[in-house]
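# Examination of the molecular architecture
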Amino acid sequence: MFKQGVMVVAACASLLLGCATVEAEDTVAPSAAVEAFGQTPEGQAVDLYTLTNSNGLRARIMTYGALLVSMEVPDRDGTLADVVLGFDSLEDYLAGHPYFGATVGRYANRIALGKFSIEGTEYTLATNNAPNHLHGGNVGFDKRVWAAEIAEVENGAAVTFSYTSPDGEEGYPGTVTSQVTYTLTNDNELKVGYKATTDKATHVNLTHHSYFNLAGQGNGDILSHVLTVEADHYTPTDATYIPTGEIAPVANTPFDFTAPHTMGERIGQVEGGYDLNYVLNSKDDAVALAAKVYEPTTGRVMEVWTDEPGLQFYTGNFLDGTLTGKAGKVYNKNFGFCLEAQRFPDTPNRPNFPTSLLHPGETYTQTTVHKFYTK
Ligand code: BGC
């Protein structure tokens, strides 16, 4: 055993001629639309944004958690399917779920024992994944209602979400002003761009937490999906998923996806299933290919590109059939996989890892792209 440790903004309106040409080619004008999705128990209104690109791909994102509710992409015959797990109603999200589609922060992944120090001051966070802190605490960014605004972009449709996290929220120092922009491009990419600033030194690590199933959400497990990861190394952990600090080679382990393998091929050798952080090979800050996933029955491919140094690969090991998702589909173990671009786990306590510290005057940024096509 290996331990792992509807307001529509459309380009079409004033461009009648352009639209006609577009329709003749069987494409549509990209658009962004908004509708009400419900309200939280505290009475905060939640909106749902729909982005449609010129090829008819559709992403729906709500203001609760700046969370991707659905992502419809074609198979090799052009048939659209929703490839992310989630729910049909806001009430189901409010009832609790394992971060389906969410924007996770202020610190995605784990912080050992919920403690870190900055300049000699120790901060204590919730140990909501005992004995550790996970995904920003009890009420992380995934459970906040974000402000939203449709953004004008050249090559698709976009919406920007904003949230200001007050000083001391969930135990973290500093007021953090954060933004996440989802852009659905006409090149069939879902681009997620982040920005954050602070008024006191703090740790920031944001990620996108969709559970993907390229055969369509709820259509079986993901074990026959073929994965390649651009990483020669990973960060081994203890039994509570806290890194030991070592940067270990993946060679000769079931974590080696430098050549394509199905997710299921060696999963039996990994206690609990895959749940580990890869150290991506790319050494500069440019957006580079991090992983590629191919689903053979539908031909759908998703590439993940990012400028982050780490990628958490998680095979939905804790899904157990107790959640019923969209269209009445039951989510059993391994029914979705996550590829979360981020800093490494427990970075605030690991000076040898690429830093997650953000000072006043600096801007945290991240660009992660999910590119869809078929073969
Ligand atoms: C983590 C898992 C955790 C899951 C919660 C993933 O990012 O790697 O350990 O159980 O999030 O949904």
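Residues numbered from 1 in each chain as written. Predicted model: local features only at pLDDT ≥ 70, side-chain atom pairs only at ≥ 80, totals over all residues. Heavy atoms only, no water.

## With respect to the pairing of strand 3 (residues 45–52)
Basically, it comes down to this: Think of it in three bands: with a 1.4 Å probe and only protein chains considered, a residue is buried below 20% of the maximum accessible area for its type, exposed above 50%, and partly exposed in between. Comment: elements are numbered from the N terminus, with helices defined as DSSP H or I runs of at least four residues and strands as E runs of at least two. Pairing between strands requires that DSSP locate at least two bridges from one strand to the other.
Taking burial as the measure, the eight residues of strand 3 include six buried ones, the bulk of the element. What sits between strand 2 (residues 31–39) and strand 3 in their antiparallel hairpin is a turn of five residues, with G43 showing a positive phi close to 90 degrees. Bridging between strand 3 and strand 4 (residues 58–62) involves five bridges; their strand directions are antiparallel. Directly across from T50, in strand 4, lies its bridge partner R60.

## Observations concerning the site of the ligand
Note the threshold: The criterion for a residue being near a molecule or strand is simple. One of its heavy atoms has to lie within 4 Å of it. Definition of a polar contact: a pair of N or O atoms within 3.5 Å, with one able to donate and the other able to accept a hydrogen when the atoms are protein atoms, and with sequence-neighbouring residues admitted only if both atoms are side-chain atoms. Note on areas: Shrake-Rupley with a 1.4 Å probe; residue coverage comes only from the protein chains shown. Following the grouping adopted for this structure description, the nonpolar residues are Ala, Val, Leu, Ile, Met, Phe, Trp, Tyr, Cys and Pro, the charged ones are Asp, Glu, Lys and Arg, and the polar ones are all others, Gly among them.
Inspection of the region around the ligand gives P98, Y99, R110, H135, H209, Y211, D275, Q312, Y314, F318 and E340 as its neighbouring residues. Between the ligand and the protein, one listed contact pairs an oxygen atom with a side-chain N or O atom of Y211 at 2.9 Å. The separation between an oxygen atom of the ligand and a polar side-chain atom of Q312 is 3.2 Å. Taking 310 Å² as the accessible area of the ligand by itself, protein coverage stands at 95%. For the shell around the ligand, the per-class residue count stands at five nonpolar, three polar and three charged.

## Some words on the nonpolar core
Our working rule: What is meant by a nonpolar core is a set of buried Ala, Val, Leu, Ile, Met, Phe, Trp, Tyr and Cys residues, joined one to another through side-chain atoms within 4.5 Å. Contacts are assigned to residue pairs with any non-hydrogen atoms lying within 4.5 Å of each other.
Ranked by size, the top nonpolar core spans 61 residues in total, and within it M71, Y182, Y278, L311, F313 and F337 carry the most contacts. Each residue touching M71, except ones within four places of it in the same chain, is listed here: R58, A59, A81, D82, V83, V84, L184, L190 and F372. One finds Y64, L67, V69 and V104 within the second-largest nonpolar core, a separate group that totals 23 residues.

## Quick word on the sheet that holds strand 28 (residues 338–342)
Here five strands make up an open sheet; going across it, the order is 20-19-22-25-28 and the pairing antiparallel. Looking at which strands have only one partner, the edges of the open sheet turn out to be strand 20 (248–249) and strand 28. As judged from the two bridges shared by strand 19 (residues 233–234) and strand 20, these two strands associate in the antiparallel manner. Considered in strand 20, the bridge of H233 is made with P249.

## Quick look at the packing of aromatic side chains
For clarity, the cut-off: Between 30 and 60 degrees the pair is tilted, below 30 it is stacked and above 60 it is edge-to-face, where a pair is any two Phe, Tyr or Trp rings, Trp via its six-membered ring, whose centres lie within 6.5 Å.
Summed over the entire model, instances satisfying the criterion amount to 20 aromatic pairs. Taking 5.6 Å as the distance between ring centres and 50 degrees as the angle between the ring planes, the aromatic pair formed by F87 and F100 counts as tilted. Remark: F100 occurs in the loop between helix 2 (90–94) and strand 7 (102–104) and F87 occurs in the loop between strand 6 (80–82) and helix 2; sequence separation between them is 13 residues. Given the relative accessible area of 2%, F87 is considered buried. Here F100 falls in the buried class, since its relative accessible area comes to 0%. Aromatic side chains Y274 and F313 sit 5.1 Å apart centroid to centroid with 35 degrees between the ring planes, which places their arrangement in the tilted category. Residue Y274 is found in the loop between strand 21 (261–262) and strand 22 (275–279), and its partner F313 is found in strand 25 (residues 310–314); the two are separated by 39 residues along the sequence.

Keep in mind these values describe shape, not function.
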